[in-house]
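Here are the chains, one letter per residue:
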Amino acid sequence: MTVNLEVAEGVGTIRLDRPPMNALDIATQDRLRELAEEVTGRDDVRAVVIWGGEKVFAAGADIKEMRDMDHAGMVARSRALQDSFTAVARIPKPVVAAVTGYALGGGCELALCADYRIAGENAKLGQPEILLGLIPGAGGTQRLSRLIGPSRAKDLIFTGRQVKADEALALGLVDRVVPAEEVYEQAHAWAARLARGPAIALRAAKEAVDSGLETDLETGLAIERSWFAGLFATEDRKIGMRSFVEEGPGKAKFR
């Protein structure tokens, strides 16, 4: 398998495993979608880490495979390509990307599908598709501009340049930079902490933020209001409030 799933402590690690550069060929894209759908439905997975291993996250699409595709072929394939990444973005649980080495093209677009990105000091990110006479096709023009703003996104997309971890942090492209050997450990710790949290409330928070960003403020507030009120029907809400009153904040043990 080019992508594998391991589960421990409520955390599912989706591990890219296609040496040497984790190139995202069609089989890998389809496997990503399968595993995203699997962790979505598994109750024992409450948070997710996406990881490419110690040396590289993903260096992009498989150019050798794409080189032989014509217009008709890519028209037929492009929706499935986007659907694979969208399946990751729509996992209704906290998702963190653990980025070491290169995260370029499709690799960068995969990292953009996460809720949080922890990068190693050796990380290099970018959208170099323009250097192939293309544009990003797995969500890069949309998710990147929403994350770091249109002007900064256009700079990266127009030039195809790579940014090192420190610049990626300054741009808001990643959220934390750590020594490369600590990336997975810290990403797993971030996910494990949230895996102990209230699962339905975390799902509600993710849905409210993501859906709200796709609409106007008034509609976004309606989405938030609906989820907020709905959480009063959950056992976790009772546990959280009872624990707060009786023991103080931050001590609740959710189910």
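Refer to the structure above for everything that follows.
Procedures and definitions
- Residues numbered from 1 in each chain as written.
- Predicted model: local features only at pLDDT ≥ 70, side-chain atom pairs only at ≥ 80, totals over all residues.
- Heavy atoms only, no water.
- Helix = DSSP H or I, 4+ residues; strand = E, 2+ residues; numbered from the N terminus.
- Rg over C-alpha atoms; globule rule 2.2 N^0.38 Å.
- Areas by Shrake-Rupley, 256 points an atom, 1.4 Å probe, with all protein chains shown as cover.
- Lys, Arg positive; Asp, Glu negative; His and termini not counted.
- Charge placed at Lys NZ, Arg CZ, Asp CG, Glu CD.
- Patch = residues over 30% accessible without salt bridge, like charges linked within 9 Å, V, L, I, M, F, W, Y side chains within 5 Å.
- Salt bridge = Lys/Arg side-chain N within 4 Å of Asp/Glu carboxyl O.
- Pairing = 2+ DSSP bridges.
- Axes fitted to C-alpha atoms, helices over the stretch in contact; angles between N-to-C directions.

Draft legend 1. Layout of the overall build of the chain. Helix and strand counts for the chain come out as eleven helices and nine strands. In terms of C-alpha radius of gyration, the chain reaches 19 Å, essentially the compact-globule figure of 18 Å for 255 residues. Along the longest, intermediate and shortest principal axes, the C-alpha atoms of the chain span 65 × 40 × 35 Å. In the structure as shown, the chain presents an accessible area of about 13,500 Å², 54% of it carried by carbon and sulfur atoms. Taking the average location of the 33 positive side-chain charges in the chain and that of its 37 negative ones, the two points are 3 Å from each other.

Draft legend 2. Structural detail: a nonpolar patch on the surface. There is a patch of nonpolar side chains on the surface, built from Ile-63, Leu-132 and Leu-134 and spanning about 260 Å² of accessible area. When you line up the elements, Ile-63 lands in helix α2 (residues 63-67).

Draft legend 3. Examining the sheet that holds strand β7 (residues 124-126) more closely. Sheet architecture is open: three strands sit in the order β5-β7-β8, paired in mixed fashion. A single partner strand is all that each edge strand has here, and the edge strands are β5 (102-104) and β8 (162-164). Each strand of the sheet is rotated relative to its neighbour by a mean of 20°, with strand direction disregarded. Relative to β8, β7 runs antiparallel, the two sharing three bridges. For Leu-125, the partnering residue across the bridge sits in β8 and is Val-163.

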